[in-house]
Amino acid sequence: MTSPTPGPAAPPAPGGPPPAAPPVPPQTAPAAGPAAAGSLAPTGRGLWHRSRWYLLTAVLLLLAAAVLAGLNQDRRYPPLDPRSYDASGSHAVVALLQRQGLDVDVTADLPARSTGNDTLVVPEPDLLGPDQLRALAAARHGRLVLVSPGPAALSALAPGVRPSEEGGGAPYAAVRSTAAQCALTEAVRAGTAHLGGLLYTAGSRGEGCYPRGHGYPLVAVRTGQGTDVVVLGSGDFLSNELIKKDGNASLALGLLGSQPRLTWHLPDYTAPLGDSVGDKRFTDYIPDGWRWAAVQLGIATLLAALWRARRLGPVISENLPVVVRAAETTEGRARLYRRARARGRAADALRRAAAHRLAPVLGVPPTGGAPDATALCAAVLDRLPDRPAGDVRALLYGPPPTDDAALLRLADDLDALERQVRKP
């Protein structure tokens, strides 16, 4: 229905009032666009609500990284490091040597030259490469102190000294106070000291001290180049913790202070051991940081899976779009069995269903989700004493049928058995 269009205004009557002004049609507002009706553009509030948890997680990670960086500011030194004041460090013995007037040099590089009046301390000499061992053997030092050397370092630097295990003795002994029992001047002057660790054999030219079983934790030998080599199975007596006990300080000053200059080599603990280079596995080349990163990623993945797997609300029921009768489902499954010629599976389904229906009637409890075969057959025979035992067993737990006719007979026989049991 349309509104009438106003026609031309009638002329005013003479002497009458002036005509009223024509009504002004109402101004219709312009149709609101999609931006005004309900804009889909993201707003600042929506972005904040969606991203606040991610921002909070990022802030927490940054704070954790800052805390860990602050905690790791304290410098860590390896054992027997002369710069360390920790219990396992050896700064105390270096301070004693400097107080005696020795010139002590701590370096990570092996000295290229030697005047023959210096003492070189090499902890973990097996960390040196073959070229470094040969260069060290060729150099002439006043005294060379090796701490916990292995077979490779002994062959190059201490000829005649071998690990005790090669001679059938124990390869290792606990560090404890031990008597010297040798003629070495430094050991005789010190008396008892805390020696132990790896054990060695002295050989024909060496002097073994502080015996432990069939080996020695301290062996002194003189090489053909005139260098006194001292092999120590453990340098624990040089540590800040043990230097003040027994004769440890005297033994340390005697072994390390026999020359006017002492050079303490700092080993590279990141280098692979020379004896185990060939036994490396692929995982040995993966840094520890990557392993921890993999663990953290695994934990994050597990937490994300748990987060996404949570229930978002209560379970609700939903009407099925199509209602299928149970008979149609049974017929469809039967047609699938027939097409696949799965007579055995069909027979098993029929027998299993019959057994589950007969068990509560006969009072046979289920065991593991199914009634016990022997108990069920015995209960059926008690109810039907005229039936042969073999017939009941073959009917409920017999072999699969060989053709469709046998499968039909099996179904009929099972139905007949159920009727007889229910109404004997």
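The structure displayed is predicted, hence computed values, not measured ones.

Colleague: An account of the overall build of the protein chain is needed here, citing residue identities and associated values.
Modeller: Within the protein chain one finds 13 helices and 13 strands. Counting every position in the protein chain, which comprises 424 residues, the buried fraction comes to 31%. Long-range pairs, those at least 24 residues apart, make up 62% of the contacts in the protein chain between residues at least 6 apart in sequence.

Colleague: Which residues make up the nonpolar core, and what values do they have?
Modeller: Counting 32 residues, the largest nonpolar core has Val 93, Tyr 210, Leu 218, Leu 251, Leu 256 and Trp 264 as its most contacted members. Elements supplying a minimum of two residues to this core: α3 (91-99), β3 (143-147), α6 (185-190), β6 (193-198), β9 (218-222), β10 (228-232), α7 (248-256) and β11 (261-265). For this core, the leading source of residues is α7, giving four residues.

Colleague: So, helix α8 (residues 288-308): which residues are in play, and what are the values?
Modeller: Compared with an ideal rise of 1.5 Å per residue, which puts 21 residues at 30 Å, α8 spans 30 Å between its outermost C-alpha atoms and is within 8% of the ideal. Counted residue by residue, α8 has zero buried out of 21 residues, so it is predominantly exposed.

Colleague: Give a description of the environment of Arg 351 that names residues and reports values.
Modeller: As for its position among the elements, Arg 351 is in helix α10 (residues 343-362). For Arg 351, a relative accessible area of 7% translates into the label buried. Residues Arg 351 and Leu 396 lie 45 residues apart in sequence; the distance between their C-alpha atoms is 5.6 Å. With sequence-adjacent residues up to four places away left out, Arg 351 is seen in contact with Ala 394, Leu 395, Leu 396, Tyr 397, Gly 398, Pro 399, Pro 400, Leu 410 and Leu 414. Of note is the side chain of Arg 351, whose polar atom sits 2.7 Å from the backbone oxygen of Gly 398.

Colleague: I'd like a rundown of the sheet that holds β3, residues and numbers included.
Modeller: Reading across from one edge, β1-β11-β2-β3-β10-β9-β8 is the order of the seven strands in this open sheet, with mixed pairing throughout. Since the sheet does not close on itself, it has two edges, and those belong to β1 (103-107) and β8 (207-209), each with one partner. For this sheet the average axis-to-axis angle between neighbouring strands, irrespective of direction, equals 15°. Two elements, β8 and β9, share three bridges in a ladder whose sense is antiparallel. Within the sheet, the bridge partner assigned to Cys 209 lies in β9 and is Leu 218.

Colleague: Residue-level account of the pattern of salt bridges, with values.
Modeller: Under the defined criterion, the tally for this structure stands at 10 salt bridges. Residues Arg 261 and Asp 105 are paired through a salt bridge, measuring 3.5 Å at the closest nitrogen-oxygen approach. Of the two residues, Arg 261 is situated in strand β11 and Asp 105 in strand β1; the sequence distance between them amounts to 156 residues. Judged by its relative accessible area of 33%, Arg 261 is partly exposed.

Colleague: Tell me about unusual backbone geometry, and please be specific about residues and values.
Modeller: The backbone phi angle of Glu 124 is positive, close to 50°, even though this residue is not glycine. With respect to the helices and strands, the residue Glu 124 is situated in the loop between β2 (118-123) and α4 (130-138). By relative accessible area, Glu 124 is classed as partly exposed at 30%. A positive phi angle, near 55°, is found at Ser 148, a position not held by glycine. Position of Ser 148 relative to the elements: it lies in the loop between β3 and α5 (151-157).

Colleague: I'd like a rundown of the packing of α10 against helix α13 (residues 404-422), residues and numbers included.
Modeller: Axes are the key here: two packed helices are described by the angle between their axes and the distance separating the axes. Viewed as axis vectors pointing N to C, α10 and α13 meet at an angle of 0°, and their least axial separation amounts to 11 Å. Considering their axes alone, α10 and α13 lie roughly parallel with respect to each other. Only Asp 404, Leu 407, Leu 410, Ala 411, Leu 414, Leu 417, Glu 418, Val 421 and Arg 422 of α13 make contact with α10, whose side of the interface consists of Arg 343, Ala 346, Ala 347, Leu 350, Arg 351, Ala 354, Arg 357, Leu 358, Val 361 and Leu 362. Each residue belonging to the contact of α10 with α13 can be placed in one class, and the counts come to 13 nonpolar, no polar and six charged.

Colleague: Lay out the packing of α3 against α7 with the relevant residues and their values.
Modeller: Two numbers describe how α3 lies on α7: the axes approach to 10 Å, and their chain directions differ by 60°. Overall, the two elements α3 and α7 adopt an arrangement that is oblique. Read as a crossing pair, α3 and α7 show a hand that is right-handed. In this structure, α3 contributes Val 93, Leu 96 and Leu 97 to the contact, and α7 contributes Ala 252, Leu 253 and Leu 256.

The rules behind the values
Note that residues are indexed from 1 along each chain, following the sequence as it is written. It should be noted that, the model being predicted, local features are given only for residues of pLDDT at least 70 and side-chain atom pairs only at 80 or more, the latter also being counted only at that level, while totals for whole chains, interfaces and linings use all residues. To obtain the side-chain values, all non-hydrogen atoms of the structure were included, while hydrogens and water were left out. In this text, helices come from DSSP runs of H or I with a minimum length of four residues, and strands from runs of E with a minimum of two, each type numbered from the N-terminal end. Accessibility here uses a 1.4 Å probe with only protein chains present; expressed as a share of the type maximum, an area under 20% marks a residue as buried, one over 50% as exposed, and anything in between as partly exposed. Here, two residues are considered to be in contact whenever any of their heavy atoms come within 4.5 Å of each other. What is meant by a nonpolar core is a set of buried Ala, Val, Leu, Ile, Met, Phe, Trp, Tyr and Cys residues, joined one to another through side-chain atoms within 4.5 Å. The span one expects for a helix is its residue count, reduced by one, times 1.5 Å. Identification of polar contacts relies on pairs of N or O atoms within 3.5 Å, with a donor-acceptor requirement for protein atoms, meaning one able to donate a hydrogen and the other able to accept it, and with residues adjacent in sequence counted only if both atoms are side-chain atoms. Here a strand pair is declared whenever DSSP counts at least two bridges between the two strands. Lines are fitted to the C-alpha atoms to define the axes, a helix being fitted only along its stretch in contact, and any angle between axes, read from their N-to-C directions, falls within 0 to 180 degrees. Any Lys or Arg side-chain nitrogen located within 4 Å of an Asp or Glu carboxyl oxygen qualifies as a salt bridge. Roughly parallel means an angle under 35 degrees; roughly antiparallel, over 145; roughly perpendicular, 65 to 115; everything else is oblique. In this classification, the charged set is Asp, Glu, Lys and Arg, the nonpolar set is Ala, Val, Leu, Ile, Met, Phe, Trp, Tyr, Cys and Pro, and all remaining amino acids, among them Gly, are polar. Helix crossings are classified by the rotation of the near helix relative to the far one: an anticlockwise turn of less than a right angle makes the crossing left-handed, while a clockwise turn makes it right-handed.

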